[in-house]
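Close look at the chain arrangement
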Amino acid sequence: LLLLRLASNEPQLPPIPARCPPRLQGTHGCSRVAAAGSSHRAPAPPLDAPFRRRALLSDVERELVWWVGQQSRRVTILRHDKPSSSKGGDAARGGGFMHVRAVTPMMGFADDFFLSWRCLKGEAVVELQGQLRLGVGDTGVNVRRNAAVLSHMRAAAEGGELRSARACRDKRAKVFC
């Protein structure tokens, strides 16, 4: 286990990777659900589109943080960039981001899980990416993790947990919701 920990050090990544790493493209080791294109390889639930709803970013963030907190104790938030807020509502420059490390219970393999939320064309959009740190394949855990977050967000929206927001509009490189 110690060798696995040393070999899978904490990566220093930008807020959300633009795509699955080249070594994991076309493998079972990365699952991505994003507005610019989804990527996953496994018999999985439909993960072709990110979660999109007219909702306040603060409500979206609250639900994502809650979901991460409900996972096993083997999940650690490594980075949490919150959207900035201003008087009178949600305002964000690019939205929010979380980088989470999830460790498998038996072998101790670490996966990176990225959650991003922002306004896009009048809606709050949640984009996700789960990927292995070591190796090229998993048992579909990253696909299932993405599916679980999307399912939770749909249930939160249907249950009234996400308040509707005004349409987003760009104004001088700032995004207001």
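A short tour of the structure in this document, coming up. Since we're looking at a predicted model, the values are computed, not measured. For every chain, the first residue of the written sequence is number 1, and numbering continues from 1 onward in sequence order. Note on the predicted model: pLDDT of at least 70 is required for a residue's local features to be given, and 80 or more for side-chain atom pairs to be given and counted; whole-chain, interface and lining totals, by contrast, use all residues. Side-chain calculation: all heavy atoms of the structure are included, whereas hydrogens and water are not.

One non-glycine residue, Lys121, lies in positive phi territory at about 50 degrees. A run of H or I in DSSP becomes a helix once it reaches four residues, and a run of E becomes a strand once it reaches two; helices and strands are each numbered from the N terminus. Tracing the sequence through the fold places Lys121 in the loop between β7 (110–120) and β8 (123–132). In this scheme, a residue with accessible area under 20% of its type's maximum is buried, one over 50% is exposed, and one in between is partly exposed, where area comes from a 1.4 Å probe on protein chains only. Residue Lys121 is classed as exposed on the basis of its relative accessible area, which comes to 76%.

Count a disulfide wherever a pair of cysteine sulfur atoms falls within 2.5 Å. Using the criterion set out here, one finds 1 disulfide in the structure. Put simply, Cys20 and Cys30 are joined by a disulfide, and their sulfur atoms are 2.1 Å apart. The S-S bond linking Cys20 to Cys30 shows a torsion near -80 degrees; that makes this disulfide left-handed. One end of the pair, Cys20, is in the loop between α1 (2–7) and β1 (30–33); the other, Cys30, is in strand β1, with 10 residues separating them in the sequence. Note on Cys20: relative accessible area 3%, which makes it buried. Residue Cys30 is classed as buried on the basis of its relative accessible area, which comes to 2%.

Attention shifts here to the packing of aromatic side chains. Working definition: a ring pair exists when centres of Phe, Tyr or Trp rings (six-membered ring for Trp) sit within 6.5 Å. Plane angles under 30 degrees give stacked, over 60 give edge-to-face, the rest tilted. Within the structure shown, the criterion is met by 2 aromatic pairs. A centroid spacing of 6.2 Å and a plane angle of 20 degrees characterise the contact between Phe97 and Phe114, whose relative ring orientation is stacked. Taken together, the residues Phe97 in strand β6 (residues 96–103) and Phe114 in strand β7 connect sequence positions 17 residues apart. Over a ring means this: the NZ of a Lys or the CZ of an Arg is within 6 Å of the ring centre and within 35 degrees of the ring normal. The side chain of Arg145 reaches across the aromatic face of Phe113, ending 5.6 Å from its centre.

Val60, Leu64, Leu115, Trp117, Val126 and Met153 are the most contacted members of the largest nonpolar core, which totals 22 residues. Only α2 (57–69), β6, β7, β8 and α3 (141–158) provide two or more residues apiece to this core. If you tally residues by element for this core, the top one is α2, at 5 residues. Here, two residues are considered to be in contact whenever any of their heavy atoms come within 4.5 Å of each other. Setting aside residues no more than four positions away along its own chain, Val60 makes contact with Ala55, Trp117, Ala124, Val126, Met153 and Leu162. Here, nonpolar core refers to any group of buried Ala, Val, Leu, Ile, Met, Phe, Trp, Tyr and Cys residues whose side-chain atoms link them within 4.5 Å.

In short, geometric facts, not functional conclusions.
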